[in-house]
Each structure stands twice: as structure tokens, then as C-alpha cells.
Amino acid sequence: MSINDSVDEFARMNPENPKLDLKTKLAYGAGDFGPAITGNISIFFLLIFFTNVAGIPAGLAGSVLMIGKIWDAINDPIIGVLSDRTKSRRWGRRLPWMFYGAIPFGIIFFLQWTVPRFSADQSSNMWPLFWYYVAIGLLSQVFYTVVSLPYTALTPELTQNYDERTSLNSFRFAFSISGSILSLILAQIIFSTISDREEQYLVLAAVCAVISVLALYVCIFGVRDRVLAFEAKRTQTEQPASIPFFEQLKIVFSNRPFLFVIGIYLFSWLGVQVTATTIPYFVVNYMRLNDSDVPTVMIAVQGTALLMLFVWSALSQKIGKKVVYFLGMSSWIIAAGGLFFLRPGQIGLMYLLAFMAGVGVSTAYLVPWSLIPDVIDLDELQTGQRREGIFYGFMVLLQKLGLALGIFLVGNALQAAGFQATIPGQTTPIQPESALVAIRIAVGPLPTIFLICGLFLTYFYPITREMHAEIMMKLKARQSEI
């Protein structure tokens, strides 16, 4: 049976799973708009906020972020399992977490950008500040997980169609990248109109927190009907006995395609995280531009990623997700090499390389998240259970452990290379040559290594469109027998 025959046969056998309408896709996409705004601000500016505004040394600042990410990784599978077991006739399994977590999520995010004065002496203030940001960071990661992980687990519940999931994720990441761009535009406006650095970040955090909370509620009420329809169908089907937690872990990590997806996602986002964390230092300290130029460079990357997102989504239906990923990552690898050899003053070339990086960043958003629902379908065929939460939870757990290590290494590498933190109230110091070399390595060769590893895993990823169609036909046949 050909690929098209398999897909057509599944569609014929599954008429009660209609295509998603535009309203539902837009509402679902809005759910990633809020976390994208706050997450983007944190990725791009939190480390430089700690070093250049709060006055924390780069090594300690990296440790703050690492502790938060490790805790984030630990709470992900916990909340994933709890959301799988949540029962609510009014909201389903996932939406209660988003509904009740949205407002605390916004409040804690805002508190992360305050600089409390524990002592007039800066040296005495450093360690209280460190522990303050550790505590706020832990709370921030909890509520980020509370709203974002159940949201990501909605994808396979909203549609079970192979290509429709790619389309749905293109809407999700269109909103995600749009949120990132909006956050950078807001940063550029606020940074250019407010001179005080501490006040800049407070205003930016407040505006982004409000927008994020509102966007989450748009998603909740927009997808509720479709989610409840899926829940009604799921609960009508006889459910197998619950599998103990550690047995679930064994099943999850014995799912070979899932291990590939974890690796692809990990290496893709290591590239994104390390690049995004280092770019502000690259623009300000190496290229010798102003703080207000940082959002402009980021907008060039994210704007290109947004434009390319729908191009890649359409192409994936014709040439496949693997080829799309290879094309995008190849462009990004070339851009990363160019950034390493870039020289101060080559501003036009810098923006060209930012454009090329954006072409690849869009596939880092789209492809891994389009693969994970297919893995969940395979697990349901093998075990008889739908466990979206645990799969998404452990996918993000390992990804965040890797990111925690990446951020920690970047922060400590900068400090070991002699990077000078800014003392509050004083101008940004001139960095030694050793620190500038470390910045160039972190923005070029290091992401390239991660991206090549992701390409290697993508090449051997086993689930094809035809294989997925066969999985769905077998699931449908099993349901008809019940």
C-alpha cells in the first residue's frame, strides 16, 4: 500500500475526526503566545539582566539559571503525570492547569525582574540577591510548567491526522514566534524611551506578563469544546488498568522513536538556547553596538523564522519532515560559522547571517513538536493507553536538563574567560580579548556541534507518514472491536 493510499484509507475509516476549523487553530496558537513572550524575554535578556543590571557575576548568574532549569526538568514529568490523571467534566484533563495557573504565572514572572536592595553595600547584596533569584526562579519554573506542559499535550488530543498536526503546530509556532517578535519590539520601544536600565526591565516584564495571561485565557476558552469532545470519546472507550509510574518510565524509554525525538529536540534547542543567550553579549560587547540594537537583531532572526514557518509546513507535506529539517539546519550551520568569523563594523553581513539563522530556527520550532504526537500514537497502539502528559513531560525534562547544563557552561565559561559584570549605576566595562573569543565560540562553533548531532538523529528517525497511517488504522480497528 502506498503512502497516499494509507492516508486515504485512514481518513475513510475515521470520519468522526473532522479537520480543525480556523477558529480552533487560532485559539490553540494563542496558547503559546503568552509563554513565548515571557520565555523569549528570559532567554534573550535574563542572563544579561543578572550581570549588567543586578550586578551578579556571570558564573553565579549562570548557576541561578541552571538551578531553575534543573528544577523545571524535575517538575515537568510530575505535572505531566498529574495532568494525565486529572478528571474534570467541565474542563477535561489539561485545561484546569492552565486556567488556575495563568495569573500566578504572570505575577511570578514579573517578580523575577525586580532588584531588591538587601544592603547598601553591593558586595553584601550579592548573595541575598543570588538566593532571591534562585527562589523566584524555582517558583517561576513551576508555574511555567503548569501552563505550558498541559498546553503542549493538547496537540494529539485536538487532531489525530498526521499532516493536520503539522498544520496545527505551524499555527502554534506562528503565534510563538509572533510573541517573540512582539516581546522584542516592546523591548526596543521601552529601552529607547526609558534610560534607567532597572526600570526598563520592570516595565517590560509588567507589559509582557499581562499580555501572556490574557493570551492563555483566549486559548482555554477557544479550544474547550474540541477538547471536551475528545475527552467524551476517550472516556467512553474502556480504559486498561493503570500502569504503575516506574513501569510507565520503562515503557516510555523503551519507545525507540521517542528517544530519537528527545535527542532531536534537545540538540535543536541547545542550539537555540546557547545562541539566544550569547547574542546580546555578541552584539553589545563584540560588535560594539548599543543595547537597543539587540532586539533589532533578534527581530531579524525571529521575523525570518515566522515567515518561513508556513513555507516549511507546506513543504513538509510534499518532501517530508526530515528533508525540511535538513534544509533549515544547513542554513543555520552556515550562519553560525559566519558569525564566528564576523568582524566589528560588518553590520550588513551580520543581518544577512541573522536571516539565514532564522531560516533554520523555524524548523527547530516546527519539526520536533510535529514528531512527538506520532510517537504517542505508537505508544497507544502498543499499550492501549493515551499518556500525552508523561511523554511531553519527559521530553521537556531531558531537554531542560541539557539546557541547564548549556546555560551553566556559557555563564561559567564567560567568567573563566575574564568577563566583567557591570556594577549597578556604572557604564558597561570593556571586556578583555579572552572574553570576546569565548563569546564568539558560544555563538558559532558550539551551536554548530549541537545542530550536526540533531541532523544525525533526524536521519535515522523511524516513523514515516506511511507507518503513521498504518498505526492509526490499527488503532481505529481496535476501537471498532470494542
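From a predicted model like this one, the values you see are computed outputs, not experimental measurements.

Scoring rules and cut-offs
Residues numbered from 1 in each chain as written. Predicted model: local features only at pLDDT ≥ 70, side-chain atom pairs only at ≥ 80, totals over all residues. Heavy atoms only, no water. Helix = DSSP H or I, 4+ residues; strand = E, 2+ residues; numbered from the N terminus. Buried < 20%, exposed > 50% of the residue type's maximum accessible area, 1.4 Å probe, protein only. Contact = heavy atoms within 4.5 Å. Areas by Shrake-Rupley, 256 points an atom, 1.4 Å probe, with all protein chains shown as cover. Polar contact = N/O pair within 3.5 Å; in protein donor to acceptor, adjacent residues only side chain to side chain. Core = buried A, V, L, I, M, F, W, Y, C linked by side-chain atoms within 4.5 Å. Phe/Tyr/Trp six-rings, centres within 6.5 Å; stacked < 30°, edge-to-face > 60°. Lys NZ or Arg CZ within 6 Å of the ring centre and 35° of its normal. Patch = residues over 30% accessible without salt bridge, like charges linked within 9 Å, V, L, I, M, F, W, Y side chains within 5 Å. Salt bridge = Lys/Arg side-chain N within 4 Å of Asp/Glu carboxyl O.

A. Looking closely at the overall build of the protein. Per the secondary structure count, the protein includes 17 helices and zero strands. Within the protein, the fraction of its 482 residues that count as buried is 60%. Of the contacts made within the protein by residues no fewer than 6 positions apart, 84% connect residues no fewer than 24 positions apart. Carbon and sulfur atoms make up 67% of the accessible area of the protein, which amounts to about 18,700 Å² in all.

B. Fine view of the side chain of Thr51. Summarising the element assignment, Thr51 is placed in helix α2 (residues 22-52). Here Thr51 falls in the buried class, since its relative accessible area comes to 0%. Within the local environment of Thr51, its side chain forms a polar contact with the side chain of Asn52, the two groups lying 3.1 Å apart. Here the side chain of Thr51 touches Tyr281 through a polar contact of 3.0 Å, side chain to side chain.

C. Up close: the nonpolar core. If you look at the biggest cluster of nonpolar residues, it comprises 126 residues, and the most contacted ones within it are Phe45, Phe49, Phe50, Trp113, Tyr133, Phe258 and Ile372. Residue contacts for Phe49: discarding those within four places in its chain leaves Ala54, Gln112, Trp113, Thr114, Val115, Tyr133 and Tyr201. Listed in part, the 22 residues of the second largest apolar core include Ala27, Leu95, Tyr151 and Ile220.

D. Structural context of the packing of aromatic side chains. For the structure on display, the rule yields 26 aromatic pairs. Look at Tyr265 and Trp269: their rings are 6.1 Å apart centre to centre, the planes differ by 65°, and that puts the pair in the edge-to-face class. Here Tyr265 pairs with Trp269, and both are found in helix α10 (residues 256-286), just four residues apart, close to one helical turn. With respect to class, Tyr265 is no different from Trp269; both count as buried. Grouped by ring-pair contacts, the aromatic residues Phe45, Phe49, Phe50, Phe109, Trp113, Tyr132, Tyr133, Phe191 and Tyr201 constitute a single cluster. Of note, Arg440 hangs over the ring of Phe340, and the distance from its end group to the ring centre comes to 4.5 Å.

E. Fine view of a nonpolar patch on the surface. On the surface, a cluster of nonpolar side chains totalling about 410 Å² of accessible area is made up of Ile70, Trp71, Ile74, Ile78 and Leu82. As for its position among the elements, Trp71 is in helix α3 (residues 58-85). For Trp71, a relative accessible area of 31% translates into the label partly exposed.

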